[in-house]
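Single-letter residue listing:
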Amino acid sequence: MTSIGIIVNPESGRDIRRLVAKATFVSNYAKIDTIKRFLYGLNITNSVDEVVFMPDFYGISLDIISDIKDDVKFKLSTLDMRVENTADDTINASKYMIESGVDVIVSAGGDGTLRAVYKGAGDKVPILGLSLGTNNVLGALYEPTVLGMMLGFLLKENKAISNVVERIKTIKLFVNNEFKNLALVDLTFMSGWYVGARAIWDEYSLRYAFISKGELGDIGIPSIASLIRPITFQDDLGLMVKFGLGKIKVAATLAPGLVKEVFIDGISILKLGQEVHLPSGSYVIAFDGEKEMVVNSKDEAMVRIDRDGPLLVSIPKSLNYINSYYREEMGELRWAKKY
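Thresholds applied
- Residues numbered from 1 in each chain as written.
- Predicted model: local features only at pLDDT ≥ 70, side-chain atom pairs only at ≥ 80, totals over all residues.
- Heavy atoms only, no water.
- Buried < 20%, exposed > 50% of the residue type's maximum accessible area, 1.4 Å probe, protein only.
- Helix = DSSP H or I, 4+ residues; strand = E, 2+ residues; numbered from the N terminus.
- Pairing = 2+ DSSP bridges.
- Axes fitted to C-alpha atoms, helices over the stretch in contact; angles between N-to-C directions.
- Contact = heavy atoms within 4.5 Å.
- Parallel < 35°, antiparallel > 145°, perpendicular 65-115°, else oblique.
- Left-handed = near helix turned anticlockwise from the far one by under 90°.
- Nonpolar A, V, L, I, M, F, W, Y, C, P; charged D, E, K, R; others polar.
- Salt bridge = Lys/Arg side-chain N within 4 Å of Asp/Glu carboxyl O.

**A word on helix α5 (residues 111–121)**
No. 1: Taken across its 11 residues, α5 has 10 buried, putting it largely inside the fold.
No. 2: All of the buried residues in α5 are D111, G112, T113, L114, R115, A116, V117, Y118, G120 and A121.
No. 3: In the segment just after α5, G122 is the residue with positive phi, at about 65°.

Shown next, in the form of structure tokens:
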């Protein structure tokens, strides 16, 4: 039996960047509509037997099931779990989905949502990012119907999904020689003593950033790397950016509609596994664009970038694989039926 898990973050796409920038508010209705379109695309492939949802505080998953249960061929269900409307819901749901034997987990949210999925699921199954957040470096900005059809094809053709996944990098934080947390795209140190609003929009507080991916088109801290030294998930290296008055100034897209001039004092290319010890100080630390913790001048912070992250479904690889399959193996479109 082939099954997939879907985790919809009920809180994604609605933080303070709607006020300090021009980010779009992603309503629950928009999330329901997006997942329904994804499932209609998946349904046409006849490749999945069951779709399991994480339950949520707002009843998004229940609304989706109620709306389309008579329109799709696969079984729709929710996990039997208690929800607290925190990131722990995503972590726990991912664990339960792995235990139930899903073949893929669809992370419908932002970069932080996919990071939470990875914390729960590890690298047991591939993760497909479906963008419903703000910066969405990890997710896929494609029509959900097409993504559903794509995933269905990959699952149907002898588990072809194994050919299109990429093991991405992690950026690990150690404090006083103890592992504390990780990021997948960017880990940022800002001056400060308390977390406050979690999103990053103030360029003057930036002190250091560690980046695993930054390409033209990316938003947030990765947009800085895209302008000075582009880096991909495939590159076996990372970047360290030191902020301050220096020789470099870039216009970085810190959030949708928010472009700020950022001053850079230095850039270092890091080898995978290289340990970097930060100068002592009081820092607020953000993981994938979300401030989460504070260290003080008595703490010793160390950062390391490794290639041991989640197995992320690559959309470009997937579409190229399907195109090559049609061309080399079939000679005609599999979706086209002869009568």
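There's more to say after this.
**Points about the sheet that holds strand β16 (residues 301–306)**
No. 1: Pairing within the open sheet is antiparallel, and its four strands lie in the order β8-β7-β16-β13. The strands lining the two open edges of the sheet, one partner per strand, are β8 (178–183) and β13 (275–277). Each neighbouring strand pair of the sheet contributes to a mean axis angle of 25°, computed without reference to strand direction.
No. 2: As judged from the six bridges shared by strand β7 (residues 170–175) and β16, these two strands associate in the antiparallel manner. In the sheet register, L173 faces β16, and the bridge partner there is V303.
No. 3: In this fold α5 packs onto β7 and β8, with an angle of close to 130° to the strand it touches most, β8.

**What about the environment of V262?**
No. 1: Here V262 shows up in strand β12 (residues 258–271).
No. 2: Put simply, V262 and E203 are 59 residues apart on the chain and 6.3 Å apart in space, counted from C-alpha to C-alpha.
No. 3: Filtering out sequence-adjacent residues up to four positions away, V262 remains in contact with E203, L206, I224, F243, I248, K249, V250 and A252.

**Observations concerning the packing of helix α2 (residues 28–43) against helix α6 (residues 144–156)**
No. 1: Put simply, α2 and α6 touch, their axes get as near as 6 Å, and they point 40° apart. Our classification of the angle between α2 and α6 gives oblique. Crossing of α2 over α6 shows right-handed handedness. Contacts between α2 and α6 involve T34, R37, F38, G41 and L42 on the former and, on the latter, P144, T145, L147, G148, M149, L151 and G152.
No. 2: In terms of residue class, the contact of α2 with α6 is made up of six nonpolar, five polar and one charged.

**Focus: the sheet that holds β12**
No. 1: Taken in spatial order, the six strands line up as β12-β11-β10-β9-β14-β15 in an open sheet, and their pairing is antiparallel. Where the open sheet ends on each side, the last strands, each with one partner, are β12 and β15 (290–295). Going from strand to strand, the sheet's axes swing by 25° on average, the running direction of each strand aside.
No. 2: Pairing between strand β9 (residues 186–191) and strand β10 (residues 206–211): five bridges, direction antiparallel. Residue pairing for β10: F189 is matched across the bridge by Y208.

**Regarding the pattern of salt bridges**
No. 1: Here the structure, examined in full by the defined rule, presents 23 salt bridges.
No. 2: Among the salt bridges present, the one from E143 reaches R37, with a minimum N-O distance of 2.8 Å. One end of the pair, E143, is in the loop between β5 (127–131) and α6; the other, R37, is in helix α2, with 106 residues separating them in the sequence.
No. 3: In this structure E143 comes out as partly exposed when scored by relative accessible area, which is 34%.

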